[in-house]
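# A look at the structure
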Amino acid sequence: MKLEITEEYCSGDLEEMKAVYQSVGWMKHSAEVIKQVFESSNVIVIVKLEERVVGFGRALSDGVFNAAIYDIVVHREFQQQGIAKKILAHLLDRLERVSCVHLISTSGNEAFYKKCGFRKMKTGMARYIREELQDEYLE
């Protein structure tokens, strides 16, 4: 499996990226939303297999103190092949000088991030607008 890893997205990939999100049940990510969140992120990883987008991840960072990783997503057909680990490693390489890297795991994926060296925070807090997300992620 020859994966191509790039650090920028192209608008021609938006429909394939949408299909990746939808393959894991994230149905509210329209092409417009995907365009906005990736254009607002300063660290991006897109993984392609034979020119097809199969996964991606993104992060926001001030480049010194803090970074937050978002949306490490691999198309359901390509999961369990080490792609998410490659995406995370690439993001962390780009963020290696940043003092603290945060992320919020989707439910059920916490063990993956723990194996990759992440630990639960003692003081982490969040606020969600949507009630169903409050119920899922907040104590």
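Residues numbered from 1 in each chain as written. Predicted model: local features only at pLDDT ≥ 70, side-chain atom pairs only at ≥ 80, totals over all residues. Heavy atoms only, no water.

A few words on the side chain of Ser61. Residue placement: Ser61 occurs in strand β3 (residues 52-61). Residue classification places Ser61 among the buried residues on the basis of a relative accessible area of 18%. Engagement of the side chain of Ser61 in a polar contact is seen with the backbone oxygen of Asn66, the distance being 3.1 Å. Apart from the residues lying within four places of it in its own chain, the contact partners of Ser61 are Asn42, Asn66, Ala67, Leu95 and Val98. (Helix = DSSP H or I, 4+ residues; strand = E, 2+ residues; numbered from the N terminus. Buried < 20%, exposed > 50% of the residue type's maximum accessible area, 1.4 Å probe, protein only. Polar contact = N/O pair within 3.5 Å; in protein donor to acceptor, adjacent residues only side chain to side chain. Contact = heavy atoms within 4.5 Å.)

A word on unusual backbone geometry. Its identity as a non-glycine residue notwithstanding, Asp71 has a phi of 55°, on the positive side. In this fold, Asp71 is placed in strand β4 (residues 66-74). Looking at Asp71, the relative accessible area reads 15%, which means it is buried.

Val47, Ile69, Ile72, Ile83, Ile87, Leu91 and Leu95 are the most contacted members of the largest nonpolar core, which has 21 residues in total. Among the elements that line this core, the one with the most residues is helix α3 (residues 83-94), at five residues. Setting aside its immediate chain neighbours within four residues, Ile69 contacts Arg58, Ala59, Leu88, Leu91, Leu92, Leu95, Val101, His102, Leu103, Ile104 and Phe118. (Core = buried A, V, L, I, M, F, W, Y, C linked by side-chain atoms within 4.5 Å.)

Glancing now at the environment of Gly55. Summarising the element assignment, Gly55 is placed in strand β3. Spatially, the C-alpha atom of Gly55 lies 6.0 Å from that of His75, the residues being 20 residues apart in sequence.

Spatially, β1-β2-β3-β4-β5 is the arrangement adopted by the five strands of the open sheet, whose pairing is mixed. The sheet is open, and its two edges are formed by β1 (3-6) and β5 (100-103), each paired on a single side. Strand-to-strand twist in this sheet, taken as the mean axis angle between neighbours without regard to direction, amounts to 20°. Note: β1 against strand β2 (residues 43-49), four bridges, orientation antiparallel. Its bridge partner being in β2, Glu4 is matched across the sheet by Lys48. Of the strands in this sheet, β2, β3 and β4 are in contact with helix α1 (residues 14-23), which crosses β3 at around 85°. (Pairing = 2+ DSSP bridges. Axes fitted to C-alpha atoms, helices over the stretch in contact; angles between N-to-C directions.)

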